[in-house]
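Here is what each chain is made of, one letter per residue.
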Amino acid sequence: MDIRDAIQERHSVRSFKNLPIEDEVKNKLNALIEQANEESGLNMQLVCDDPECFDTFLAHYGKFSNAKNYIAVVGKKSMENLDELCGYYGQSIVLEAQMLGLNTCWVGGTYGKGKCKADTEAGEKIVCVIAIGYGETEGVKHKSKPVEKLCNVSRDDMPTWFKNGMVAAMLAPTALNQQKFFVSLVGDEVMITAKRGPFTKVDLGIVKYNFEAACGHKCK
Ligand SMILES: Cc1cc2nc3c(=O)[nH]c(=O)nc-3n(C[C@H](O)[C@H](O)[C@H](O)COP(=O)(O)O)c2cc1C
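The structure displayed is predicted, hence computed values, not measured ones.

Quick notes on the rules
Numbers given for residues are sequential positions, taken from 1 along each chain in its written order. Owing to the predicted nature of the model, reporting of local features is limited to residues with pLDDT of at least 70; listing and counting of side-chain atom pairs is limited to 80 or more, with chain, interface and lining totals taken over all residues. Each residue receives a C-beta atom built from its backbone; the residue is near a molecule or strand if that atom lies within 6 Å of it. Each helix is a run of DSSP H or I of at least 4 residues and each strand a run of E of at least 2, with the numbering of both proceeding from the N terminus. Amino acid classes used here: Ala, Val, Leu, Ile, Met, Phe, Trp, Tyr, Cys and Pro are nonpolar; Asp, Glu, Lys and Arg are charged; the rest, including Gly, are polar. Just so you know, the domain bounds were taken from an automatic or database domain assignment. Note: two strands are recorded as paired if DSSP finds a minimum of 2 bridges between them. Note on definitions: angles span 0 to 180 degrees between N-to-C directions of axes, and those axes are lines fitted to C-alpha atoms, for helices only across the stretch in contact. Our contact criterion uses C-beta atoms placed from the backbone: two residues qualify when those atoms are within 7 Å.

(A) A look at the site of the ligand. Around the ligand lies a shell of 22 residues, among which S12, G108, G109, P173 and N177 are the nearest. Counting only elements with at least two residues in the shell around the ligand, the list comes to β3 (103-107) and α7 (200-215). Residues of the shell around the ligand, tallied by class, amount to 10 nonpolar, 10 polar and two charged. Residues from two domains meet in the shell around the ligand; each of domain 1 (3-133) and domain 2 (147-215) gives at least three.

Written out as C-alpha cells, the structure is:
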C-alpha cells in the first residue's frame, strides 16, 4: 500500500478489535511520531492500553468501542498555526498508520478531556486525539460536497496533478464532515483556506497534507 492507497482506504473507524498494537508496529509508530515532533515542534504522544480516555458519555454517543489506544496531538499554545500544524503532522501519522495495517479516527470532541493520559508541559495543550488500533471494519467512504463547491477550477479545466490533489482533499477527514475548506489554483500556485467553525484549522492542515501527498505539489 502506498500513500495514495492509504488516502483512498482510510475512513474513520470507531470500533476496534480487542487486540494490543504489536510491539514492532508500536516501535515504528513511535519513531514516526518522534520524527514528526522534531520537524514540527509538536509534542504528539502515543498512549496505549488506556480505555478510560474514551469511557465517557460522549464517546458512547459517538459509538466508540474497544478504543484503548490513541495519539494525543499536543503542542504549545503560543505556536503560530498550532491547529493547522496538528492537522498536517497528525494526518501524516494517520496515513502511515493505515499503511501499517491500523485504523484511526480523529477525535476533537467525544473523548474524556480530563482523562487523557498525555504528558503536557507548561504552556501546552491537547488539541485533539486520534483513536488508533485494529478496526472491526475498514469504515465507509464519507459523502462529499461536489468538487465545484471546494475549488475554483471547473472539472474540465483541471490539470491532472490538480485533480489528483482535489480527489485526496475531498477524501480527507474533517470535523463533522464539514469540509469547510476551499482550494484555489492561481497560476501554478495552490492555496487552501479554511472557513470559520470548530476545528476548521485542524481540518485545513489535514486537507493540505492529503493534497500534497497525493500530487507532490506544495500548498500555501
Ligand atoms: C479535527 C477532527 C475532529 C473530529 N472529532 C470527532 C469526534 O469528536 N468524534 C467522532 O466520532 N468523530 C470525530 N471526527 C471524525 C469525523 O466525523 C470524520 O472524519 C468525518 O465524518 C469524515 O469521515 P471519514 O473520516 O470516515 O472520512 C473528527 C474529525 C476531525 C478531522
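Having seen the structure, we can now continue with the description.
(B) Inspection of the sheet that holds β3 at higher detail. Across the sheet, which stays open at both edges, the four strands sit in the order β1-β2-β4-β3 with antiparallel pairing between neighbours. With partners counted over all chains shown, the strands left at the sheet margins are β1 (45-47) and β3, one partner each. Averaged over all adjacent pairs, the angle separating strand axes in this sheet is 25°, with direction ignored. Bridging between β3 and strand β4 (residues 124-133) involves five bridges; their strand directions are antiparallel. From the neighbouring strand, W106 faces β4, where its bridge partner is I130. Its contacts with the sheet put helix α4 (residues 82-99) on β2 (70-76), β3 and β4, and the angle it makes with β4 is roughly 20°.

Just distances and angles here, no functional claims.
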